[in-house]
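Chain residues, written in single-letter form:
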Amino acid sequence: MPPSDNYDTVLVSHPLTGDNYATWSRAMHMTLCAKSKLGFIDGSLPCPHLTDSTSPLWERCNTMVFSWLLNALTKDLADSVIYATTSYEVWNDLKDRYSQQNAPRIFQLKKLIATFSQDQLSVATYFTKLKNLWDELASYNEFSPCSCGALKNITTFYHREQLMQLLMGLNETFNHVRSQMLLMDPLPSITKAYSLLLQEEKQRGLHTATTITDTHAFAAQRNFYHGNTKAAPRSNQQCSYCHKTGHTKDRCYKLIGYPPRQPKAHTTNGQQHVSTITPEQKIYYLMMAGRKPGLIALFDVDGTLTAPRKVATPNILDFMRKLRKVVTVGVVGGSDLVKISEQLGKTVIDDYDYAFSENGLVAHKDGKLIGIQSLKSFLGEEKLKEFINFALHYIADLDIPIKRGTFIEFRSGMLNVSPIGRNCSQEERDEFEKYDKVHNIRAKMVSVLREKFGHLNLTFSIGGQISFDVFPQGWDKTYCLRYLDDFHEIHFFGDKTYKGGNDYEIYESERTVGHTVTSPEDTIEQCTALFLA
């Protein structure tokens, strides 16, 4: 017996209460094994005959183990076994009383696992509690080693079941990251899934935290046009445009227009009243107050700012210029920059604070390129060629009313696949859209491609009238959000926000406040109510 062993040693952190027998017995078993004393509780080291020379030494060790067991029990339980003569008797007595048969306990554990959910728990606490249940359940399932490979398949099955249980119990706020993990092939390991969830929780916490500075800044802006602040002292700055003092170039009336006529006061029954300010005056005052810090309005293109593949109207372009005076404005489209420029104007990267083409795989900020991603380098030439060849063969065998040309368009970060061909006229586009709604041409093709190329971890996103986009998982419109870390309030406006639509992922993202619109006119109406009311 080593000198470190003494009678008042406490071997486990939590004493046996009766309800925790499974974890308590496992902890005691491991500790006694480490101290080479298992034989005293499992009966493999029985008491020697009194005449045996080792009898006194055995008695001493038995008493030591006996005292360790007593120290690991609550006072009431310790009193109930104090008159036993050996550690073996104490161990078996407790086992008989508190150890449940395997079947009832397994049933109880499986029921707990099936109904266990995150609720108010953090990801770390939720995972730890669930893992404790898994580990206890696993202790009832022992498998003998084999050389046939079946044990490996069983282990893979159990790990997959645990992953599903982990994801099912998560709160709805993790819908997006849960969907991404379920689309991975192969599925991530439990530890990898846990790591991804922790990152998502941490990232969401960073982006939802609103600083006191931001709140006060916006309050000051709002008070500006509600008349709740005193007039600021006249500045000594000189305008570089009109060369007058008291303002700067970005506040020069000769550039931005003179303020609308102020509401006039009138008198009724001796009391003075002021007319309500007009919508134009409200917009003007908001523009003078400046932008709300930390907020951005992000817009889809087709169906949101323009009719599908149509040029934006002067009305929507004028509105976006006004809105940009109040909030930071960005656009994100699935098309390449050339096509977006055709719809929103050749100066689109200068007309908006952020311009994300191809879902943000090509990103511009203040007119400058800040990021680009390549599908070719990601997939490799061979895999890319295999996909394109299969898709073209599928389209060749497809029986639809008409076909034109450019069935697959290669972009920097994605492929755009069109069963009818992108060279069709607008009238043919409209007809195909109606035909597709009845016969689900695009949805069926996506289903075939998803099954054939599941190993490539691709996302298929149906958008517009005649095509669908193909890109690696995570390269949907949420890709652009990585460039918007400075914003804690991101309002996204899109028309295809339903599941399977190309606005769905960013609309459902925890980082955005999603708004579904039905037309450019609806976009103006919603933005006016949100930002200009």
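Residues numbered from 1 in each chain as written. Predicted model: local features only at pLDDT ≥ 70, side-chain atom pairs only at ≥ 80, totals over all residues. Heavy atoms only, no water.

This part covers the overall build of the protein chain. Helix and strand counts for the protein chain come out as 22 helices and 13 strands. Contacts spanning at least 24 positions in sequence make up 61% of the contacts within the protein chain whose residues lie at least 6 apart. For the protein chain, the computed accessible surface area is about 29400 Å², with 54% contributed by carbon and sulfur atoms. (Helix = DSSP H or I, 4+ residues; strand = E, 2+ residues; numbered from the N terminus. Contact = heavy atoms within 4.5 Å. Areas by Shrake-Rupley, 256 points an atom, 1.4 Å probe, with all protein chains shown as cover.)

What follows covers the pattern of salt bridges. One pass over the structure, following the stated rule, counts 19 salt bridges. When the shortest N-O distance is used, the salt bridge between Arg97 and Asp93 registers 3.2 Å. Of the two residues, Arg97 and Asp93 both sit in helix α5 (residues 87–98), four residues apart, roughly one turn of that helix. The closest approach of N and O atoms between Glu382 and Lys385, which form a salt bridge, is 3.8 Å. Placement of the pair is Glu382 and Lys385 together in helix α18 (residues 381–396), with a separation of three residues, close to one helical turn. Salt bridges sharing partners connect three or more residues here, namely Asp336, Lys339, Glu409, Arg411, Arg422 and Asp469. (Salt bridge = Lys/Arg side-chain N within 4 Å of Asp/Glu carboxyl O.)

Another point: the sheet that holds strand β5 (residues 354–357). Sheet architecture is open: seven strands sit in the order β7-β6-β5-β4-β3-β12-β13, paired in mixed fashion. A single partner strand is all that each edge strand has here, and the edge strands are β7 (368–372) and β13 (512–516). Neighbouring strand axes in the sheet, compared pairwise and without regard to direction, differ in orientation by 20 degrees on average. The pairing of strand β3 (residues 295–299) with strand β4 (residues 328–332) spans four bridges and is classified as parallel. From the neighbouring strand, Ala297 faces β4, where its bridge partner is Val329. (Pairing = 2+ DSSP bridges. Axes fitted to C-alpha atoms, helices over the stretch in contact; angles between N-to-C directions.)

So, on to the UniProt feature "binding site: Mg(2+)" (unreviewed entry) in the protein chain. Within the UniProt annotation, "binding site: Mg(2+)" (unreviewed entry) is assigned to Asp300, Asp302, Asp495, Tyr507 and Thr512. Structurally, Asp300 can be placed in the loop between β3 and α14 (314–324). With relative accessibility at 3%, the residue Asp300 sits in the buried group. If near-sequence neighbours (up to four positions away) are discounted, Asp300 is found in contact with Leu305, Val332, Lys477, Phe492, Phe493, Gly494, Asp495 and Asp503. Separated by 3.0 Å, the side chains of Asp300 and Thr304 make a polar contact. Relative to the helices and strands, Asp302 is located in the loop between β3 and α14. Given the relative accessible area of 18%, Asp302 is considered buried. Apart from residues lying up to four places away in sequence, Asp302 is in contact with Ala307, Pro308, Arg309, Gln343 and Asp495. (UniProt positions renumbered as here; feature names shortened; annotations may be inferred. Buried < 20%, exposed > 50% of the residue type's maximum accessible area, 1.4 Å probe, protein only. Polar contact = N/O pair within 3.5 Å; in protein donor to acceptor, adjacent residues only side chain to side chain.)

The sites that carry the UniProt feature "binding site: alpha-D-mannose 1-phosphate" (unreviewed entry) are, in the present numbering, Arg309, Arg411, Arg422, Arg429, Ser467 and Asp469. Secondary-structure assignment places Arg309 in the loop between β3 and α14. Leave out the neighbours within four places in its chain, and Arg309 touches Asp302, Lys339, Glu342, Gln343, Arg422, Gln426 and Arg429. In this fold, Arg411 is placed in the loop between β8 (408–410) and β9 (415–417). With a relative accessible area of 3%, Arg411 lands in the buried category. In contact with Arg411, not counting residues within four places along its chain, are Gly334, Ser335, Asp336, Lys339, Glu358, Asn416, Arg422 and Asp469.

Now for the sheet that holds strand β10 (residues 458–463). Strand order in this open sheet of four strands is β8-β9-β11-β10, and the pairing throughout is antiparallel. This sheet does not close on itself; its edge strands, each paired only once, are β8 and β10. Taking the axes of each pair of neighbouring strands and ignoring which way they run, one obtains an average angle of 20 degrees across the sheet. As paired strands, β8 and β9 are joined by three bridges and run antiparallel to one another. Looking at β9, one finds that Phe410 is bridged to Leu415.

Together, Ile154, Phe157 and Tyr158 make up a nonpolar patch on the protein surface, roughly 250 Å² of accessible area in all. The residue Tyr158 is located in helix α8 (residues 150–168) in this model. (Patch = residues over 30% accessible without salt bridge, like charges linked within 9 Å, V, L, I, M, F, W, Y side chains within 5 Å.)

Turning to the environment of Pro401, a few remarks are in order. Tracing the backbone shows Pro401 in the loop between α18 and β8. In sequence terms Pro401 and Phe432 are 31 residues apart; their C-alpha atoms lie 8.5 Å from each other.

A word on the packing of aromatic side chains. Geometry of an aromatic ring pair is reported as the spacing of the ring centres plus the angle between the planes. The final tally for this structure, using the stated rule, is 17 aromatic pairs. The interplanar angle of 20 degrees and the centroid separation of 5.9 Å between the aromatic rings of Phe356 and Tyr483 together place this pair among those described as stacked. Note that Phe356 is positioned in strand β5 and Tyr483 in the loop between β11 (467–472) and β12 (489–494), a separation of 127 residues in sequence. Of the residues examined, Phe356 reaches a relative accessible area of 1% and is grouped as buried. (Phe/Tyr/Trp six-rings, centres within 6.5 Å; stacked < 30°, edge-to-face > 60°.)

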